[in-house]
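Descriptive structure summary
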Amino acid sequence: MIIKVGIGYDVHALVKGRLLILGGVEIPYERGLLGHSDADVLIHAIMDALLGALALGDIGAHFPDRDPRYSGISSLSLLEEVMKLVEAQGYRLGNIDSIIVAERPKVAQFIPQIRSNLARVLKTDESCVSVKATTTERLGFEGRGEGIAAQAIANLEKVGG
Ligand code: MG
């Protein structure tokens, strides 16, 4: 079987006056992530992992932040577009692992809903979609609450390969 692996990493700043969306879930918090789209840092890292596995470039190339079509767009719909690219190349998702790096808010209680959202769009079972969360022990920009980072790794399997 042909297997491809990709990694993704993303960071967005936390600011007042924005919703906090992670994995397509609106998380109650006093600030949200700044960005051209809904700034869903977790999904952005996952999309870069999927694109990376097939050497298809990065999300900045596919969804430029100067393009008004993507202003405020749900990153779940961008993820849907990336999955179409994956399928067009003849691959399907094997599994994904990911980490949200945030001092606050605590996101553990939202992870089941995030995994469910992701599994639906990725056309896979929730058992193939891992989402974890960690702090940085108050160190660095995440620890100071200036922003949230996310990392993801994806493995894709060639259909019929
Ligand atoms: Mg991003």
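It should be noted that the structure appears before, not after, this text.
To keep things clear, this report deals only with the structure shown in the data block. (Residues numbered from 1 in each chain as written. Predicted model: local features only at pLDDT ≥ 70, side-chain atom pairs only at ≥ 80, totals over all residues. Heavy atoms only, no water.)

Let's talk about the overall build of the chain
Test applied: Secondary structure is summarised from DSSP: a helix means a run of H or I of at least four residues, a strand means a run of E of at least two, and numbering begins at the N terminus for each. Computation of the radius of gyration draws on C-alpha atoms alone. For the globule rule, the value is 2.2 Å times the number of residues to the power 0.38. Any two residues whose heavy atoms approach within 4.5 Å at even a single point are treated as in contact. Computed with a 1.4 Å probe, the accessible areas rest on the Shrake-Rupley method; for each residue, only the protein chains presented here act as cover.
For the chain, the count of helices and strands is five helices and seven strands. Walking the chain from its N terminus toward its C terminus, one meets helices and strands in the order β-β-β-β-α-α-α-β-α-β-α-β. A globule of 161 residues ought to have a C-alpha radius of gyration of about 15 Å, and the chain, at 15 Å, matches this closely. C-alpha atoms of the chain, sized along the principal axes, occupy 45 × 35 × 25 Å. In the chain, once contacts between residues fewer than 6 apart in sequence are set aside, the share between residues at least 24 apart is 71%. Taken as a whole, the chain presents about 7,900 Å² of accessible surface, with 53% of it coming from carbon and sulfur.

Description of the packing of helix α3 (residues 75-88) against helix α4 (residues 111-122)
Note the following rule: Note on definitions: angles span 0 to 180 degrees between N-to-C directions of axes, and those axes are lines fitted to C-alpha atoms, for helices only across the stretch in contact. Crossing chirality is assigned from the near helix's rotation relative to the far helix, an anticlockwise turn below a right angle marking it left-handed and a clockwise turn marking it right-handed. Each residue is assigned to one class: nonpolar for Ala, Val, Leu, Ile, Met, Phe, Trp, Tyr, Cys and Pro, charged for Asp, Glu, Lys and Arg, and polar for all the others, Gly among them.
Relative to each other, α3 and α4 sit at 35°, their axes nearing to 9 Å. In this structure, the crossing between α3 and α4 has a hand that is right-handed. Residues Leu76, Leu79, Glu80 and Met83 of α3 form the contact with α4, whose participating residues are Asn117, Leu118, Arg120, Val121 and Leu122. The residue inventory of the contact of α3 with α4, partitioned by class, reads six nonpolar, one polar and two charged.

A word on the coordination of the magnesium ion
Selection criterion: Only nitrogen, oxygen and sulfur atoms qualify as donors, and only when within 2.8 Å of the metal (3.2 Å in the case of Na, K and Ca); with water excluded, sites may look incomplete. To sort residues, take the accessible area from a 1.4 Å probe on protein chains only and compare it with the maximum for the residue type: under 20% means buried, over 50% means exposed, and anything in between is partly exposed.
For the magnesium ion, the full set of protein donor atoms is Asp10 (OD), His12 (NE2) and His44 (ND1), at a range of 2.1 to 2.2 Å. Of the residues examined, His12 reaches a relative accessible area of 13% and is grouped as buried.

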